[in-house]
Amino acid sequence: MDLRIFTEPQQGATYDTLLAVAKATEDLGFDAFFRSDHFLSMGSGDGLPGPTDAWLTLAGLARETKRIRLGTLMTAGTFRLPGVLAIQVAQVDQMSGGRVELGLGAGWFEQEHKAYGIPFPKEKFARLEEQLAIVTGLWETKPGDTFDFHGTYYDLTDSPALPKPAQSRIPVLIGGHGASRTPRLTAQYADEFNMPFASIEDSEQQFGRVRAAVEAAGRKADDLIYSNALVVCVGKDDQEVARRAAVINREVDELKANGLAGSPSEVVDKIGRYAETGSRRIYLQILDLHDLDHLELISSQVQSQLS
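Residues numbered from 1 in each chain as written. Predicted model: local features only at pLDDT ≥ 70, side-chain atom pairs only at ≥ 80, totals over all residues. Heavy atoms only, no water.

Draft legend 1. Inspection of the pattern of salt bridges at higher detail. Considering all chains together, one arrives at 19 salt bridges under this definition. Where Arg211 meets Asp222, a salt bridge forms, and the shortest distance between an N and an O atom there is 2.8 Å. Separated by 11 residues along the polypeptide, Arg211 in helix H7 (residues 200-216) and Asp222 in the loop between H7 and strand E10 (225-234) bring together distant segments of the chain. Take Arg211: its relative accessible area is 30%, and that puts it in the partly exposed class. For Glu254, the salt bridge identified is with Arg250, shortest N-O distance 2.8 Å. (Salt bridge = Lys/Arg side-chain N within 4 Å of Asp/Glu carboxyl O. Helix = DSSP H or I, 4+ residues; strand = E, 2+ residues; numbered from the N terminus. Buried < 20%, exposed > 50% of the residue type's maximum accessible area, 1.4 Å probe, protein only.)

Given below as structure tokens:
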């Protein structure tokens, strides 16, 4: 089971804070550092000092880390034109020496679009399908050839399809709860399917849908990695769990029901139950980015048992 650190910087984080978390991620033996792609805080927080751009952040971290994978859960398709996104991600992949992964989603948070003047189209999922075709098509085009795409929303003619990533194929992540279109797109374009903030039962059901869609598309179901994203709150004892829950304005019982919370042994046991559904990777949503002792505890007391 891979454990990856997943951050939500829109809730309030500077680049230096994210760098400290990424370096701890690397030093403590976690597999990857991922971040959300949002421009507006959610809930009651003020979001100070303000948002950071996902791919600018990952470009900086690409030069300041050496081992960990770097990526997004999920880049919002509404934020960037697909041709420009393909260039950005390929460049960061080069900057990292081939450690980048692209999670790409349709975009959903209308308020942040209004706050920063970003169009919020009605046809988001159909646009996402074209975006996936363009981004992967540009990367797969052989050097010297050109790429053309003529869709409903995007039109590319005689693109040189440059630059190329450092990796022969940048892993593409697709996720979500959709029962039909999401599995179909996953089967066509993805290397990994991520189930965000879902129960064990819902994860098992959705993994089954995706596996069926992958096989219907002529691929082996086990060619994909199946993963979960879950909030995490671990403590050496009940008092420490309660303290960490209070800092992120959550209740312990709710965290235990909907995420990974409690003692290291409790969290290891629940991760094992997700593993039984076919999940092979957990993105640990870390909401207090200043509590690096939390990461150390997870590394020494949870990750060590899983390996």
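After presenting the structure, the write-up continues.
Draft legend 2. Molecular detail of the packing of aromatic side chains. Counted according to the given criterion, the structure contains six aromatic pairs. A ring pair is formed by Trp108 and Phe109, whose centres lie 5.2 Å apart and whose planes are at 25°; its orientation type is stacked. Among the residues examined, Trp108 registers a relative accessible area of 55% and is labelled exposed. Overall, Phe109 belongs to the buried group, its relative accessible area being 12%. Of the aromatic side chains, those joined through ring pairs into one cluster are Phe39, Phe79 and Tyr116. (Phe/Tyr/Trp six-rings, centres within 6.5 Å; stacked < 30°, edge-to-face > 60°.)

Draft legend 3. Spatial organisation of the pairing of strand E8 (residues 172-175). In this sheet, E8 lies alongside strand E5 (residues 100-105) in parallel orientation, the contact comprising two bridges. Bridge pairing in E8 places Leu102 opposite Val172. Across three bridges, E8 lies against strand E9 (residues 192-196) in parallel orientation. In the strand pairing of E9, Ile174 is matched with Phe193. A crossover links E8 with its parallel partner E9, the connecting element being helix H6 (residues 181-189), and its sense is right-handed. (Pairing = 2+ DSSP bridges. Right-handed = clockwise from strand over helix to strand, strands pointing away.)

Draft legend 4. Broad picture of the layout of surface pockets. Approximately 160 Å³ is the volume found for the second largest pocket. The wall of the second largest pocket is formed by 13 residues, among which Gly77, Thr78, Pro121, Arg127 and Tyr154 lie closest to the centre. Counted by class, the lining of the second largest pocket contains seven nonpolar, three polar and three charged residues. (1 Å grid on protein atoms, 1.4 Å probe; cavity = no way out; pocket = protein on both sides within 12 Å on 5 of 7 lines; lining within 4 Å. Points joined across faces, edges and corners; volume = space filled by probe spheres on them. Nonpolar A, V, L, I, M, F, W, Y, C, P; charged D, E, K, R; others polar.)

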